[in-house]
Amino acid sequence: MIDLHMHTHYSDGTNTTEELLKLAEKEKMDYISITDHDCVKSYFDLEDKNIRQVFSGKIISGAEFTTTYKGGVVEVLGYGIDYKYMNEVLKRDDFKKTPLKEKIPIFLKKYHELGIIFNEEEVLKNMGGNNFNKAFYNEFIKYPENDRFLLDIENKENFTRFLRNETNSYKSKLFLESSDFYPDMKKVIKEIHNAGGLAFLAHTYIYAPYVASELEEIIITYDLDGLECYYTKFTDMQTHEINNFCDKNCLLKSGGTDFHGENSSKKGYIIGKGLGNLRMENSIIEGWINEIKLM
């Protein structure tokens, strides 16, 4: 069994590297990859033999890199990377993410110029440190006058739908252009390859719908090696569809739960099982596992 998408406290997870390994061992995983956001610090922890020996399976070095497609945020998983090389890459100015505090004034200015009705003080007060989009959504839906800005009135029914179909979609007036805030996708994929790794687009169906509908354009434009075909929030139909797409286009496959910790906002996710519906066999990665170094 595999789980190639999980996070520690080094990004937005709640477990230490050692705690995560103990959980993976408990679930009897054969292969795992720790894919912290734009961070490879867990792999330095694994240099401690006392930590590494906690897990008896194989470890694939990895990370989840934030980038953009048509201005919307997407993420690329890098597997089999030289983590020491990538650690230095992530220190470079051209790979550093723009801090949220620098982006917020840009977002607020755009929404004010559009004529959206909202209380800026309430948004800033209710952000909880880093969730601007959620705080803005809660203000936006208070005022029926704002409905005219929506692509679809149903998109305001819940935050997830609002985020995917409005603020993350270039087709919406509410779209938050992010190209200037993250490294270019071609650059990210190039460095994954320079680090000896393989590049996979993460959880395709979690982004704005246009990403899934433009997969052919994406694989033509970017040098991706594969797609994440198994993911906690995919429906059976989506899993089937993306597997067929990979088969048709000779792309490699991966899968993961996006585990963030038992006490995280994604509580209920179980390593290797997601919400209990995932079963990711070793055969998923047999097409590429021998091409990379294992830890």
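Residues numbered from 1 in each chain as written. Predicted model: local features only at pLDDT ≥ 70, side-chain atom pairs only at ≥ 80, totals over all residues. Heavy atoms only, no water.

1. Description of the pattern of salt bridges
Tallied over the entire structure, the rule returns 19 salt bridges. The shortest N-O distance in the salt bridge between Glu139 and Lys142 comes to 2.5 Å. Relative accessible area serves as the criterion here: at 49%, Lys142 is assigned to the partly exposed category. Among the salt bridges present, the one from Glu154 reaches Arg161, with a minimum N-O distance of 3.4 Å. The network of salt bridges with common partners includes Arg92, Asp94, Lys187 and Glu191. (Salt bridge = Lys/Arg side-chain N within 4 Å of Asp/Glu carboxyl O. Buried < 20%, exposed > 50% of the residue type's maximum accessible area, 1.4 Å probe, protein only.)

2. Some remarks on the layout of surface pockets
By volume, the largest pocket amounts to about 1,900 Å³. Looking at the largest pocket, it is lined by 45 residues, and the ones nearest its centre are Asp12, Glu75, Asn131, Asn133 and Leu163. For the lining of the largest pocket, the elements supplying multiple residues, two or more each, are strand E4 (62-69), strand E5 (72-79), helix H5 (100-114), helix H7 (132-140) and helix H8 (159-167). Ranked by residue count, the leading element in the lining of the largest pocket is H8, at five residues. Considering only enclosed or pocket space, the second largest pocket measures out at about 200 Å³ in volume. Along the walls of the second largest pocket sit Ser61, Gly80, Ile81, Asp82, Tyr83, Ala195, Gly196, Glu291, Ile292, Lys293, Leu294 and Met295, which together make up its complete lining. When grouped by side-chain class, the residues that make up the lining of the second largest pocket number six nonpolar, three polar and three charged. (1 Å grid on protein atoms, 1.4 Å probe; cavity = no way out; pocket = protein on both sides within 12 Å on 5 of 7 lines; lining within 4 Å. Points joined across faces, edges and corners; volume = space filled by probe spheres on them. Helix = DSSP H or I, 4+ residues; strand = E, 2+ residues; numbered from the N terminus. Nonpolar A, V, L, I, M, F, W, Y, C, P; charged D, E, K, R; others polar.)

3. What about the packing of H7 against H8?
Taken N-terminus to C-terminus, the directions of H7 and H8 make an angle of 100 degrees; their axes are 10 Å apart at the nearest point. Classified by the interaxial angle, the pair formed by H7 and H8 is roughly perpendicular. Only Phe159, Phe162, Leu163 and Thr167 of H8 make contact with H7, whose side of the interface consists of Asn133, Lys134, Phe136, Tyr137 and Phe140. By residue class, the composition of the contact of H7 with H8 is six nonpolar, two polar and one charged. (Axes fitted to C-alpha atoms, helices over the stretch in contact; angles between N-to-C directions. Parallel < 35°, antiparallel > 145°, perpendicular 65-115°, else oblique. Contact = heavy atoms within 4.5 Å.)

4. Looking at unusual backbone geometry
At Lys28, a position not held by glycine, the phi torsion is positive, near 60 degrees. Structurally, Lys28 is set in the loop between helix H1 (17-26) and strand E2 (31-32). Positive phi, normally seen in glycine, also occurs at His203, with a value near 20 degrees.

5. Notes on helix H12 (residues 236-248)
With 13 residues, H12 should cover 18 Å at 1.5 Å per step; its first-to-last C-alpha distance of 18 Å lies within 8% of that length. If you check which residues of H12 are buried, you get Thr239, Ile242, Asn243, Phe245 and Cys246. Around the axis of H12, the buried residues are gathered within 160 degrees of arc, so they sit on the same side. Of the residues in H12, the exposed ones pointing more than 90 degrees away from the buried face are Asp236, Met237, His240 and Lys248. Looking at the residues trailing H12, positive phi occurs at Cys250, about 55 degrees. (Expected span 1.5 Å × (residues − 1). Arc of directions from axis to C-beta.)

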